[in-house]
Amino acid sequence: MRSLALSLVMAIGLTGTAGHAGPDDNSLNIAWSGELATLDRYYNVLREGIIVGRLIWDALLFKNPDTLEFEPLLAESYSFVDSTTMDFELRQGVTFHNGEAFDADDVVYTLNRMADPENGVLTQRNVNWIDRAEKRGPYSVRLHMKRPTPIALEFLAGPLLIYPNEYYEEVGPDGMGQAPVGTGPYKVTAFAPGESITFERNENYFAGSPKGKPSIDVIRQRTVPDNNTQIAELLAGTVDWIWKVPADQAAALAGRPGISVVNEQTMRIGYLSFDSSNRTGNSSPVNDVRVRQAIAHAIDRQAIVTALVGGSSEVVHSACHPAQFGCEQDVATYDYDPDRARELLAEAGYPDGFTIDFHAYRNRPYAEAIMGYLDAVGIKTNLVYLKYAALRDQVYAGEIDFNFMTWGSYSFHDVSAIASHFFKATKDDYAGDEGLIADLTIGDNSVDRDERLAAYSRALKAIADNAYWVPLFSYNVNYAFSDQLEFVPNPDEVPRFYSTRWK
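Residues numbered from 1 in each chain as written. Predicted model: local features only at pLDDT ≥ 70, side-chain atom pairs only at ≥ 80, totals over all residues. Heavy atoms only, no water.

1. Considering the nonpolar core
Then comes step 1: With 109 residues, the main nonpolar core has L60, W241 and F497 as its most contacted residues.
Then comes step 2: Per element, the largest residue contribution to this core is seven residues, and it comes from helix 4 (residues 104–115).
Then comes step 3: Once residues within four sequence positions are removed from consideration, W241 is found in contact with N29, I30, A31, W32, L234, Y479, A480, F481, L485, F487, P495 and F497.
Then comes step 4: L272, I299, F473 and Y475 belong to the second largest nonpolar core, which has 35 residues in total. (Core = buried A, V, L, I, M, F, W, Y, C linked by side-chain atoms within 4.5 Å. Buried < 20%, exposed > 50% of the residue type's maximum accessible area, 1.4 Å probe, protein only. Helix = DSSP H or I, 4+ residues; strand = E, 2+ residues; numbered from the N terminus. Contact = heavy atoms within 4.5 Å.)

Right, dumping it as structure tokens:
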């Protein structure tokens, strides 16, 4: 049966090649479904926030998406003094969008402020390893860590964006969230929360940045929640770029005149999470490991990948992405075996199954496919479909028994960006396994490569043995855009519009 998207493709596509205004005035019109209420990167957690952050601000370092090597960005150079201390020499002559000069005061202020737990940065793992930043000269900073942090460079090249100390002290998170000021290749000239953002090229962007000089003059982003509407606008020429196009819709678009469709794998994985420790106090069936294992055996993950997810995605068995450092693959696996699922349910005292709420926030067709497999073994599910922020808050509050969610690891190539986030006594931890917490702590803090690998191996085996999670599959992203646009996606799922240009 045809999807509505295919019907739209046929209806609009038959009229001829879409016209795109972008090349004529060197502007780019993009659409996505994520609703950003604030642009302050430290107080939003959406993937779209990462994209916006890289346009507006710079970090001390830059991770080259092609080589995965770390290069100086706002820092001119860096060095390790010892396992918990780093020195940075900063670029001179860099200015923020409001004219404020960049120097060591901005770096020290940003790192110290965000590391202070009283300031409530949403993703504490990005900052809670920082002890303090110390000014050693006008353009010289020493960073002290609370403990050896093997992935410090990932943080310093990613989420730790540098803010202007004078402006931020004046306006705070609310002001920065609505009228952001950075050193980045683009500045924001208009923002309607949850609806649209207008970026203009920073003509004074500093020479020598590994991001390069931006090419496109103006980028206009609009929030368009419906995929079908995005596709219709792409074909009509009112939008030049969209992403996260479902597989069937991407196939319908492929080959259409004027449109390029590119599939790229990502580091995001889908997973089922359970209240294995009865954190909710509801005495849920999923408190029993046999029920969790039954759920794992009940779902044909490969069929979902083949029929729905498509692209370069694959079934995953470990609670991490295979490309990440420490992602042990020799773990317990749960092949599709509905008979074994029924046996385990009977052993757990549920020979006739049970009914349970099933929470999700995205990929409703995937969720419904999972529900169908569960129904076949006697588990009746009530789908509770929420927006991400609402579901996240319920998870943090310890109110969720059973959910389907995804995690992109902030594009960090390290197990600490996923397993430690969910199983190390965090707000997401529904296992509360002390041995698991201990192993993850070793892996996160050791600078010995072999010790880290061994610790993560033990942790990931424990997660699989106890079915604290059922990892499902890796994700891929379909990008669709004007064929006149030079756009190259990367596996880290961070579109770099500052390096995009018209042909």
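Don't stop here, the text continues.
2. Let's talk about the sheet that holds strand 4 (residues 75–82)
Then comes step 1: With respect to topology, four strands assemble into an open sheet ordered 4-5-7-6, the strand pairing being antiparallel. One side of each edge strand has no neighbouring strand; the edge strands of this open sheet are strand 4 and strand 6 (130–137). When strand polarity is set aside, the average angle formed by the axes of neighbouring strands in this sheet is 20 degrees.
Then comes step 2: Sheet topology note: the strand 6/strand 7 (residues 140–145) ladder contains six bridges and is antiparallel. Bridging across to strand 7, E134 finds its partner in R142.
Then comes step 3: Here helix 4 sits on the sheet in contact with strand 5 (85–90), strand 6 and strand 7, set at roughly 165 degrees to strand 6. (Pairing = 2+ DSSP bridges. Axes fitted to C-alpha atoms, helices over the stretch in contact; angles between N-to-C directions.)

3. Notes on the environment of N112
Then comes step 1: Tracing the backbone shows N112 in helix 4.
Then comes step 2: On the basis of relative accessible area, N112 is assigned to the partly exposed category, the value being 30%.
Then comes step 3: Spatially, the C-alpha atoms of N112 and L143 are 9.7 Å apart, while their sequence positions differ by 31 residues.
Then comes step 4: Sequence-distant contacts of N112, that is, excluding residues within four places in its chain, are made with R132 and A133.
Then comes step 5: A polar atom in the side chain of N112 sits 2.7 Å from the backbone nitrogen of A133. (Polar contact = N/O pair within 3.5 Å; in protein donor to acceptor, adjacent residues only side chain to side chain.)

4. Some remarks on the packing of helix 15 (residues 434–445) against helix 16 (residues 449–465)
Packed helix pairs are characterised by how far apart their axes lie and by the angle those axes make with each other.
Then comes step 1: At a closest axis distance of 8 Å, the pairing of helix 15 and helix 16 adopts a crossing angle of 150 degrees. Taken together, helix 15 and helix 16 sit at an angle that is classed as roughly antiparallel. As helix 15 packs across helix 16, the resulting crossing turns out to be left-handed. Note on element contacts: helix 16 touches helix 15 through E451, R452, A455, Y456, R458, A459 and I463, opposite L436, D439, L440, I442, G443 and D444. (Parallel < 35°, antiparallel > 145°, perpendicular 65-115°, else oblique. Left-handed = near helix turned anticlockwise from the far one by under 90°.)

5. Structural notes on the pattern of salt bridges
Then comes step 1: A complete count under the given rule lists 23 salt bridges for this structure.
Then comes step 2: D330 is the salt-bridge partner of K461, the closest N and O atoms lying 3.6 Å from each other. Residue K461 is found in helix 16, and its partner D330 is found in the loop between helix 10 (301–309) and helix 11 (338–347); the two are separated by 131 residues along the sequence.
Then comes step 3: Across the salt bridge formed by D339 and R342, the nearest N and O atoms sit 3.0 Å from each other. Of this pair, D339 and R342 both sit in helix 11, three residues apart, which is roughly one turn of that helix.
Then comes step 4: The class of R342 is partly exposed, set by a relative accessible area of 36%. (Salt bridge = Lys/Arg side-chain N within 4 Å of Asp/Glu carboxyl O.)

6. Structural notes on the confidence of the model for the protein
Then comes step 1: For the protein, per-residue confidence averages 94 on the pLDDT scale, and residues scoring 70 or more make up 96% of the total.
Then comes step 2: Contacts from residues 1–19, a stretch scored under 50 in pLDDT, to residues over four places away or in other chains number 32 contacts. (pLDDT = per-residue confidence, 0-100.)

7. A few points about the packing of aromatic side chains
Then comes step 1: For the structure shown, the criterion picks out 33 aromatic pairs.
Then comes step 2: On the numbers, 6.4 Å between centres and 80 degrees between planes, the contact of Y109 with Y168 is edge-to-face. Of this pair, Y109 sits in helix 4 while Y168 is found in helix 6 (residues 165–178), placing the two residues 59 residues apart along the sequence. Like Y168, Y109 is buried.
Then comes step 3: Between Y336 and Y373 the ring centres are 5.7 Å apart and the planes differ by 70 degrees, which places this aromatic pair in the edge-to-face class. With Y336 in the loop between helix 10 and helix 11 and Y373 in helix 12 (residues 364–376), this pair connects stretches of sequence that are 37 residues apart.
Then comes step 4: Among the aromatic side chains, those forming a connected cluster through ring pairs are W129, F155, Y271, W407, Y410, F412, F422, F423, Y468 and W469.
Then comes step 5: Across from the ring centre of Y385, 5.0 Å away, lies the NZ or CZ of R364, which sits over that ring.
Then comes step 6: The positively charged end of K427 is found above the aromatic ring belonging to Y396, 4.1 Å away from the centroid. (Phe/Tyr/Trp six-rings, centres within 6.5 Å; stacked < 30°, edge-to-face > 60°. Lys NZ or Arg CZ within 6 Å of the ring centre and 35° of its normal.)

8. Comments concerning the state of the cysteines
In protein chemistry, a disulfide is the covalent bond that joins the sulfur atoms of two cysteines.
Then comes step 1: Under the defined criterion, the tally for this structure stands at one disulfide.
Then comes step 2: Between C320 and C327 runs a disulfide, and the two sulfur atoms are separated by 2.0 Å. Between C320 and C327 the sulfur-sulfur dihedral comes to about 85 degrees; the bridge is accordingly right-handed.
Then comes step 3: Accessibility expressed as a relative area gives 1% for C320, which makes it buried. (Disulfide = S-S within 2.5 Å.)

9. Points about the pairing of strand 10 (residues 218–223)
Then comes step 1: Direction of pairing for strand 1 (residues 27–32) relative to strand 10: parallel, over a ladder of six bridges. Across the sheet, the residue bridging to S27 is V218, located in strand 10.

10. Some points on the pairing of strand 5
Then comes step 1: Burial within strand 5 is extensive, with five of its six residues counted as buried.
Then comes step 2: Across six bridges, the pairing between strand 4 and strand 5 is antiparallel. Looking at strand 5, one finds that Y78 is bridged to F88.
Then comes step 3: The hairpin turn running from strand 4 into strand 5, its antiparallel successor, is two residues long.
Then comes step 4: As paired elements, strand 5 and strand 7 share five bridges and run antiparallel to each other. The residue bridging T85 from the neighbouring strand is H144, located in strand 7.

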